[in-house]
Amino acid sequence: MDRPTALQQPSEHPPGQQGRAANGQNRSQFVWRALMPRALGLPVGALCLSLPLWELQRPVWVWVLLALFVFVWPWIALALSLRYREPVRFERWHILFDSFAGTFWIAAAGFSPLASCVAFAMLQANNVAAGGTRFVALGWLAQLVGVGAGVAVFGFSFHAAISLQHLMFCLPMMVLHPLVIGSTLYDLAQSVARSRRKLRTLSQTDSLTGVFNRRYWSELAQQEFLRCRRGGGPSCLALIDVDNFKAVNDSQGHLAGDELLVRLGTALCADLRETDLVGRYGGDEFCVLLPMTAEHGGGTALEWLRERVARDENGNVGLSIGLASWRPDMNELEDWIRCADQALYQAKSRGRNQVVVHRHEQAGA
Ligand SMILES: Nc1nc2c(ncn2[C@@H]2O[C@H](COP(=O)(O)OP(=O)(O)OP(=O)(O)O)[C@@H](O)[C@H]2O)c(=O)[nH]1
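Residues numbered from 1 in each chain as written. Predicted model: local features only at pLDDT ≥ 70, side-chain atom pairs only at ≥ 80, totals over all residues. Heavy atoms only, no water.

The name given to the protein chain in an unreviewed UniProt entry is diguanylate cyclase, with the source organism recorded as Metapseudomonas resinovorans NBRC 106553. Entered under Cofactor (unreviewed entry) in the UniProt record, the comment concerning the protein chain runs "Mg(2+)". Per UniProt, the protein chain has the following entry under Catalytic activity (unreviewed entry): "2 GTP = 3',3'-c-di-GMP + 2 diphosphate". (UniProt positions renumbered as here; feature names shortened; annotations may be inferred.)

Chemist: When you look at the UniProt feature "transmembrane region" (unreviewed entry) in the protein chain in this model, what are you seeing that I'm missing?
Modeler: Feature annotation in UniProt assigns "transmembrane region" (unreviewed entry) to the following positions: residues 35-54, 60-82, 103-123, 135-155 and 167-186. Helix makes up 96% of residues 60-82 and strand 0%, whereas the separation of the span's terminal C-alpha atoms amounts to 33 Å. Its end C-alpha atoms 28 Å apart, residues 167-186 is made of 100% helix and 0% strand. (Helix = DSSP H or I, 4+ residues; strand = E, 2+ residues; numbered from the N terminus.)

Chemist: Quick question: what am I supposed to make of the pattern of salt bridges here?
Modeler: Between side chains of opposite charge, pairing is possible as soon as their charged atoms come close. Applying the stated rule across the entire model yields 15 salt bridges. Among the salt bridges present, the one from K348 reaches D241, with a minimum N-O distance of 2.8 Å. Taken together, the residues span a long stretch of sequence, with K348 in helix α11 (residues 333-349) and D241 in strand β1 (residues 235-242) at a distance of 107 residues. Exposure remark for D241: the relative accessible area of 11% places this residue in the buried category. (Salt bridge = Lys/Arg side-chain N within 4 Å of Asp/Glu carboxyl O. Buried < 20%, exposed > 50% of the residue type's maximum accessible area, 1.4 Å probe, protein only.)

Chemist: What should I look at first to understand empty space enclosed by the protein in this one?
Modeler: Where empty space is left can be seen by rolling a probe of water-molecule size over the atoms. Going through the model one piece at a time under the given rule, you end up with one cavity of 30 Å³ or more. Taken as a whole, the largest cavity spans an internal volume of roughly 30 Å³. Contributions of two or more residues to the lining of the largest cavity are made by α1 (15-55) and α3 (73-83). Counted by class, the lining of the largest cavity contains six nonpolar, one polar and two charged residues. (1 Å grid on protein atoms, 1.4 Å probe; cavity = no way out; pocket = protein on both sides within 12 Å on 5 of 7 lines; lining within 4 Å. Points joined across faces, edges and corners; volume = space filled by probe spheres on them. Nonpolar A, V, L, I, M, F, W, Y, C, P; charged D, E, K, R; others polar.)

Have a look at this one:
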């Protein structure tokens, strides 16, 4: 299990502003990402339908309209999306318009079988990718209207010709479209995986110090407790409390107190072993689990840690540390933590800034 060592630095922006800035950035990223498939896909789609349109000898205005749709519509959609507060929602309307226009052009191309099938299949793929199967049904509605409009304008005709030429005109669409859809879905899956990883780290980490938070540390400690119970060897648990931390806050301010806690989190992660589990128990108290470590070794490691912190902080910071090794008579994790807490109490009452190892006799104290 990786231990988070990189500490989270305080951000320059308050959280609310961060959220707004990130939202704005995401929105404009989304809008520009939506432009590319449309700006590249429509010319390739138009190429597919252009041969039947040519063979049907459609008039010039049809070609002008097609050129406007292919080269101007993507930019109109972009300009509109940039104005929307919720471009994701409105992009669906744009995709429905693509559906409408797509079948309008299929009707204009006389339902030429190959071009129509390719264009129709791509429209379905777009709609599924944009909004799932429900959205496909909406897309059918738009496509029906598109066919109706196309038949109303051009009349119904069936241009049945299929040739190698038709295939060649459709080939770019047949190759490129699945590639674009596939890579978009891949990017999406990667981004979901990244978000999940980030979320998991956030849910396990103390936001100030970067060490494990108490909830996650307790989960890990519980696993270690169970492992010990199965006879897996010695283990130590320690609670570490900063001496007179309130005085640091009171005399130097809360920010200085926070910075001290961050430095302590760093020192704990740096000084202890990779396999040791460092958490923030709450306030100015840290918790540490030293798996596969006997009482004597754990005591020595924590004594070194205490001395090093005192040295680094020029003698201004003392740590009181209560250490308890696992014993077979402990019924649950809480018993183990209670023993460490009793030792910590002893460290405080004996004058602070020291490591106290829990002795069995202390249990009743
Ligand atoms: N700066 C800062 N202070 C905190 C944080 N969490 C808790 N505190 C403060 O830490 C102080 C903890 O004080 P205590 O543990 O009660 O007492 P202490 O001054 O450390 O004295 P002893 O533990 O008896 O040595 C309280 O004043 C809390 O307000 C935090 O995240 N940042």
